[in-house]
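# Fold and geometry: a report
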Amino acid sequence: MALTILALIVVCVMWLVSRCSDSYRIYGGDFRPPVAEAVRAGREDARMVMATAPQSMEREQAMLFIRSRENELRKAGYAHAADDYINAAKDELKKLNIY
């Protein structure tokens, strides 16, 4: 639980720091570097899914945890971090042939 809170704080700080510079903005879009902590957390959580048995309740719980964490980030106002987190998790799950 403490690691989850710490990870959320780090994601929040990284997001705030990334918003301080306009050098990544281009016309017609919001080009920004990914939130590194969110990407790392997404990949790590996806690997936790792989550690569970296929078609088990543990795997379902791990998948639901990923969705709930994404939702928590969005509710907290960190949409970019939530996007980076879920995209990293999905990419990792695809590499592992799970998603």
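So, here is what we can say about the structure in this document. Residue indices begin from 1 for each chain and proceed along its sequence in written order. Only residues with pLDDT of at least 70 get local features here, since the model is predicted, and only at 80 or more are side-chain atom pairs given and counted; chain-wide, interface and lining totals rely on the full set of residues. By convention in this description, side-chain values take in all heavy atoms of the structure and omit both hydrogens and water.

### Description of the overall build of the protein chain
Test applied: To qualify as a helix, a DSSP run of H or I must reach at least 4 residues; to qualify as a strand, a run of E must reach at least 2; elements of each kind are numbered from the N terminus. Here the term buried applies to any residue with accessible area under 20% of the maximum for its type, exposed to any over 50%, and partly exposed to those in between, with areas from a 1.4 Å probe on protein chains only. Only the protein chains shown count as cover for residues, and all accessible areas are computed by the Shrake-Rupley method using a 1.4 Å probe.
Looking only at helices and strands, one finds 4 helices and 0 strands in the protein chain. Each helix (α) and strand (β) of the protein chain, taken in turn from the N terminus, gives the series α-α-α-α. Relative to its 99 residues, the protein chain shows a buried fraction of 33%. Of the accessible surface of the protein chain, which amounts to about 6,700 Å², a share of 61% is contributed by carbon and sulfur atoms.

### A short note on helix α3 (residues 57-75)
The criterion, for reference: Given the number of residues in a helix, its expected span is that number minus one, multiplied by 1.5 Å. Of all possible arcs, the one meant is that of the directions from the helix axis to the C-beta atoms.
In a regular helix each residue adds 1.5 Å, so 19 residues correspond to 27 Å; α3 covers 26 Å between its end C-alpha atoms and thus fits that length. Among the residues of α3, those classed as buried are R59, A62, I66, R69, E70 and L73. In a view along the axis of α3, the buried residues occupy a sector of 95°, so they form one face of it. Turned more than 90 degrees off the buried face of α3, the exposed positions are M57, Q61, L64 and K75. Looking one or two places after α3, you find G77, whose phi comes out positive at around 95°.

### Overview of the layout of surface pockets
Which entries qualify depends on this criterion: Think of a 1 Å grid over just the protein atoms. A cavity is a set of points where a 1.4 Å probe fits yet cannot get out, a pocket is an open set with protein on both sides within 12 Å along at least five of seven lines, and lining residues have an atom within 4 Å of a point. Grid points are joined across faces, edges and corners, and a volume is the space filled by probe spheres set on the points. By the convention adopted, Pro, Cys, Tyr, Trp, Phe, Met, Ile, Leu, Val and Ala count as nonpolar, Lys, Arg, Asp and Glu as charged, and the other residues, Gly among them, as polar.
For the largest pocket, the calculated volume is near 300 Å³. Going through the elements one at a time, α1 (2-18), α2 (36-50) and α3 are the ones with two or more residues in the lining of the largest pocket. Here the residues of the lining of the largest pocket are counted per class, giving 8 nonpolar, 2 polar and 6 charged.

### Points about the environment of Q61
With respect to the element layout, Q61 can be found in helix α3. For the pair Q61 and V49, spaced 12 residues apart in sequence, the C-alpha to C-alpha distance is 8.7 Å.

### Quick notes on the pattern of salt bridges
The cut-off we apply is this: Whenever a carboxyl oxygen of Asp or Glu lies within 4 Å of a side-chain nitrogen of Lys or Arg, that contact is scored as a salt bridge.
Evaluation of the coordinates by the stated rule reveals 7 salt bridges. A salt bridge links E70 to R67; the shortest N-O distance between them is 3.2 Å. Linking E70 with R67, this pair stays in helix α3, spanning 3 residues, or about one helical turn. A relative accessible area of 40% means that R67 is categorised as partly exposed. Three or more residues are tied together by salt bridges with common partners; here these are R67, E70, R74 and D83.

### Here's the deal with a nonpolar patch on the surface
For clarity, the cut-off: Exposure above 30% relative accessible area and the lack of any salt bridge qualify a residue for a patch; like charges then connect within 9 Å, and the nonpolar side chains Val, Leu, Ile, Met, Phe, Trp and Tyr within 5 Å.
A contiguous nonpolar surface patch, about 430 Å² in accessible area, is contributed by M1, I5, I9 and V13. By relative accessible area, which is 44% here, I5 ends up partly exposed.

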